[in-house]
Structures are given as structure tokens and as C-alpha cells.
Amino acid sequence: MTPAEIAPKDRLIVALDLPSVDAAEAMINRLGDSVTFYKIGYRLVYAGGLPLVGKLADKGKKVFLDLKLHDIGNTVTQGVESITRLGATFLTVHAYPQTMKGAVEGRGNSSLKILAVTVLTSYNDDDLHAAGYRLSVSELVEARAQQAQVLGVDGLVSSPEEVGALRKVVGHQMHLVTPGIRPAGSASGDQKRIMTPGRAIAAGADYLVVGRPVVEAADPRATADAIQAEIAAALGG
Ligand SMILES: O=c1ccn([C@@H]2O[C@H](COP(=O)(O)O)[C@@H](O)[C@H]2O)c(=O)[nH]1
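Quantities reported herein were computed from a predicted structural model and do not represent experimental measurements.

Quick notes on the nonpolar core
L16, I40, L65 and L156 are the most contacted members of the largest nonpolar core, which has 58 residues in total. Looking at this core, the element that brings in the most residues is helix α7 (residues 137–151), giving 5 residues. Once you skip the residues sitting within four places of it in the chain, L65 turns out to touch I40, V45, L50, V53, I83, L86, A88, F90, L91 and T92. The next biggest cluster of nonpolar side chains, apart from the first, holds 12 residues, and it includes I13, F37, V117 and V177.

Structural data, given as C-alpha cells:
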């Protein structure tokens, strides 16, 4: 599927960052048919949520498994080989060359897509420097994107701020997936590189990941519907 063919509704990925499988299932029921794509990350996986990947896939939902793997290449390859059997659509790894190479090998010809996390959206230039990097966020994101593309990675996770530049680097062959999304007026929390849903789509993002603004909303379904309407409007729909 080319980016232009992705339906507006399917571009919203709701992060199920909830404390238990029961809480996640309750949220999925509340969101009903308004949300088609979910992200499962550390919080839910370590609370016993991994089987939800298959359950959601069986219900026709897509799942982004946000495990952000990073280890020696052989271990990553073997881990990803196991993950190909779970039914997820996307899996994240950190954008280090050995890690990305191992993940692409492990994914093989399966339908699982590997996304490389370029620079976490909670980091700014000062945070990168404090972690020992000499490059700015935008320089490191672009360098890692180039490496990811050469290694055969399927997509990139970045903030929406980098999406315009990334399109010039990787064209339309890679999925661009952006957390750091904040509807106007919502709290940024620990996110430092943020954009509204409409601006992120206009910048060229394929998929938007939204957690707290939806799952902590008084009315999660109405919030998800409003984000999808903003996405459709930005696409000219
Ligand atoms: O760079 C990254 C990579 C992953 N994430 C994840 O996305 C969601 C965002 O949640 P919000 O509540 O909307 O901030 C969360 O699960 C992160 O682990 C990211 O934020 N930035």
C-alpha cells in the first residue's frame, strides 16, 4: 500500500499505555469501531498484554508492537523471528546499524514491517549532547534514516518536526510514523518535539501515534474521532 492509499481513519494509532490487560480491553471496547490501529508498548507487554496482539489481529485491528529492541545482531534476529508469528503489523527497533540489520534478517519475507526509532521525541539537542552525541537532533535523525534505508528497514519513527526533511532523504518508500502528537491545548507531558495532528499530516507523516491525549481523555472515543477528522481535513478530505 502506498502512503496515499492509507485511509484517514487508519492513520491514527492509539497507544494502549494502560496498567493492565483489563484496562486495555475496556479502552478498546470504548473506542469500538472508531479506532483500527493500536500500539502496544512496555507498560502493557510487561503487564501480560502480549497475547492482545493476536486477539486484536483476529478482530481485524492492526497492531504496532513498540518493543524498541536493541541488542547484538544475532539476538535481535532471533527475537524478531519469534515476533513474526504474533500477528503484529509494525515492530520498533532502535536505529543502530547492527540492530536494524539483525531485525531485517529476522523479519525475512514475513508481513511484519520493521520501524527504526531515529531519535526519541522526548529528546531535544541538549538531551542528545548530554547523552554524548555531537550531532543535533535533525542531523542524527537524517543520518539514521539514511542508514535504515540502505539496510532495508521498512519505516522510521521520528517527531513530525523531521518529517519534511525525511521525505527528501527517503522518498515515499518508507513509512513515516510520528509520536509527539498533541491536539491543540493538550499537555505536552515529557514530549519535547510535538505537533498537532493536522500539522503533522500536512508535514507528510503517514501515521500518528497518540497515547495520553486519547486514553486519559474524559471521552476517548470523541477525542479519537476529533483527531481523525483533523487528519481527514489535512488530507483535503
Ligand atoms: O520517539 C518516540 C517513540 C515512541 N514513543 C511512544 O509513543 C507513545 C506516545 O504517547 P503519548 O502519551 O502520546 O506521549 C508512547 O507509547 C511512547 O512510548 C514516543 O513517544 N516517542
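A few points about the UniProt feature "domain: Orotidine 5'-phosphate decarboxylase" (unreviewed entry) in the chain
Using the residue numbers shown here, the UniProt feature "domain: Orotidine 5'-phosphate decarboxylase" (unreviewed entry) corresponds to residues 11–227. Its end C-alpha atoms 10 Å apart, residues 11–227 is made of 44% helix and 17% strand.

A word on the site of the ligand
Near the ligand there are 16 residues, and of these D17, K39, T121, Q191 and R212 occur at the shortest range. R182 places a side-chain nitrogen or oxygen 2.8 Å from an oxygen atom of the ligand. In the model, an oxygen atom of the ligand is placed 2.8 Å from a nitrogen or oxygen of the G211 main chain. Relative to its free-state accessible area of 470 Å², the ligand is covered by the protein chains to the extent of 88%. Because more than half of its atoms lie within 2 Å of the grid, the ligand is assigned to the largest pocket. In terms of residue class, the shell around the ligand is made up of 7 nonpolar, 3 polar and 6 charged.

Definitions and limits used
- Residues numbered from 1 in each chain as written.
- Predicted model: local features only at pLDDT ≥ 70, side-chain atom pairs only at ≥ 80, totals over all residues.
- Heavy atoms only, no water.
- Core = buried A, V, L, I, M, F, W, Y, C linked by side-chain atoms within 4.5 Å.
- Buried < 20%, exposed > 50% of the residue type's maximum accessible area, 1.4 Å probe, protein only.
- Helix = DSSP H or I, 4+ residues; strand = E, 2+ residues; numbered from the N terminus.
- Contact = heavy atoms within 4.5 Å.
- UniProt positions renumbered as here; feature names shortened; annotations may be inferred.
- Near = heavy atom within 4 Å.
- Polar contact = N/O pair within 3.5 Å; in protein donor to acceptor, adjacent residues only side chain to side chain.
- Areas by Shrake-Rupley, 256 points an atom, 1.4 Å probe, with all protein chains shown as cover.
- 1 Å grid on protein atoms, 1.4 Å probe; cavity = no way out; pocket = protein on both sides within 12 Å on 5 of 7 lines; lining within 4 Å.
- Sits in = over half its atoms within 2 Å of the grid points.
- Nonpolar A, V, L, I, M, F, W, Y, C, P; charged D, E, K, R; others polar.

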